[in-house]
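What follows is each chain in one-letter form.
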Amino acid sequence: MRLRIATWNVNSVRLRAEQAARFVDEHAPDVLCMQEIKCQDGEFPREAFEAMGLPHLKIAGQKGWHGVAIASRLPIEDVPTLMNCREGHARCVAVKVAGVEIQNFYIPAGGDLPDRAANPKFDHKLDFYETLTAALKKRDPKDPLIVTGDLNIAPGENDVWSHRQMLKVVSHTPPELEAFDALIKSMDLLDLPRLATPEPDKLFSWWSYRAADFRKSNRGLRLDHILASPGLRDAAIVDGQVASRVHDDVREWERPSDHAPVTADLKV
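Residues numbered from 1 in each chain as written. Predicted model: local features only at pLDDT ≥ 70, side-chain atom pairs only at ≥ 80, totals over all residues. Heavy atoms only, no water.

Glancing now at helix α5 (residues 174-186). Taking 1.5 Å of rise per residue, the 13 residues of α5 would be expected to cover 18 Å, and the 18 Å separating its terminal C-alpha atoms lies within 8% of that figure. All of the buried residues in α5 are E176, L177, A179, F180, L183, I184 and S186. (Helix = DSSP H or I, 4+ residues; strand = E, 2+ residues; numbered from the N terminus. Expected span 1.5 Å × (residues − 1). Buried < 20%, exposed > 50% of the residue type's maximum accessible area, 1.4 Å probe, protein only.)

Below, the structure written as structure tokens:
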């Protein structure tokens, strides 16, 4: 069976419900992991997702900010999140679908100053990574596990529009790149979108609203990730190929999120 997992920072689920319906209709994800839903649990547009064919929901909402959710075509099982946000933000939600554990995260952006001592938001971001990495080290690499979401780091030189210029900008600074590398190495996670689109091709999932034409300026970042445990290697790599992509056309739709959805297929 094909299990298609999508991650998307929707930047307000109530504003993007129609776009979500269009995306689901066109690309048929079995599981849609969302970040920045920006609503409380009771405000989530459940009926809209039921109409999309994604009736199984796990929601961790928050008033005004943050919030994450998972919507599934298939039944879900509850599983604990790998960690909780130290600030009490709704940034983590987890389920098991078709035997695959899916951990969905909205990791803090980190503010503007890449200095842990001077910027509590940056310290929060790195602390989040350190805590998550420590939790992953305790897991069996053979577990069928997906770590996904808006992880707010563009980890490679070709995951940013300018490696040299972005090294001083939060999302691609050396401490963040080290934190992301430690996360990957914690259990030899597979970076599915990058395996599908190997270096040195550029690969972005976020473009600023400031650009009138995001494609023309193309100052993008790859902030949205689908990472798989070694236990899913055979499910993710079929006949030497990985089926994963960034749906950048969604960024062209009317009133878009600044993030595009990312999908990956597993054979389960």
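A few words now on the sheet that holds strand β7 (residues 100-106). Spatial ordering of the open sheet is given by β5-β6-β7-β8-β12-β9, a layout of 6 strands whose pairing is mixed. The sheet is open, and its two borders are formed by β5 (77-78) and β9 (190-191), each paired with just one other strand. Of the strand pairs in this sheet, β5 and strand β6 (residues 92-97) are connected by 2 bridges, and their pairing is antiparallel. Bridged to D78 within β6 is V95. (Pairing = 2+ DSSP bridges.)

The subject of this paragraph is the UniProt feature "active site" (unreviewed entry) in the protein. Look at the UniProt record and you will see "active site" (unreviewed entry) annotated at Y106, D150 and H259. The annotated residues occupy 154 residues of the chain but converge on a single region, no pair of C-alpha atoms lying more than 12.6 Å apart. Of the annotated positions named here, the largest pocket is lined by Y106, D150 and H259. Checked against the element boundaries, D150 lands in strand β8 (residues 145-150). Look at D150 and you get buried, because its relative accessible area is 1%. Once residues lying within four places of it in the same chain are set aside, the contact partners of D150 are T7, N9, Q35, F105, Y106, I107, L223, D224 and H259. (UniProt positions renumbered as here; feature names shortened; annotations may be inferred. 1 Å grid on protein atoms, 1.4 Å probe; cavity = no way out; pocket = protein on both sides within 12 Å on 5 of 7 lines; lining within 4 Å. Contact = heavy atoms within 4.5 Å.)

The next point concerns the layout of surface pockets. The volume enclosed by the largest pocket comes to roughly 1,200 Å³. Forming the walls of the largest pocket are 41 residues, and the residues nearest its centre are A109, G111, D112, N152 and W206. Breaking the lining of the largest pocket down by element, the ones donating at least two residues are α3 (120-137), β10 (206-207) and α7 (214-217). Of all the elements, α3 adds the most residues to the lining of the largest pocket, at 4 residues. (Points joined across faces, edges and corners; volume = space filled by probe spheres on them.)

So, about the pattern of salt bridges. One pass over the structure, following the stated rule, counts 23 salt bridges. Between R86 and D123 there is a salt bridge, with the nearest N and O atoms lying 3.0 Å from each other. Of the two residues, R86 sits in the loop between β5 and β6 while D123 sits in helix α3, which places them 37 residues apart along the sequence. We note a salt bridge from K185 to D181, for which the minimum N-O separation is 3.0 Å. In this pair, K185 and D181 both sit in helix α5, 4 residues apart, roughly one turn of the helix. (Salt bridge = Lys/Arg side-chain N within 4 Å of Asp/Glu carboxyl O.)

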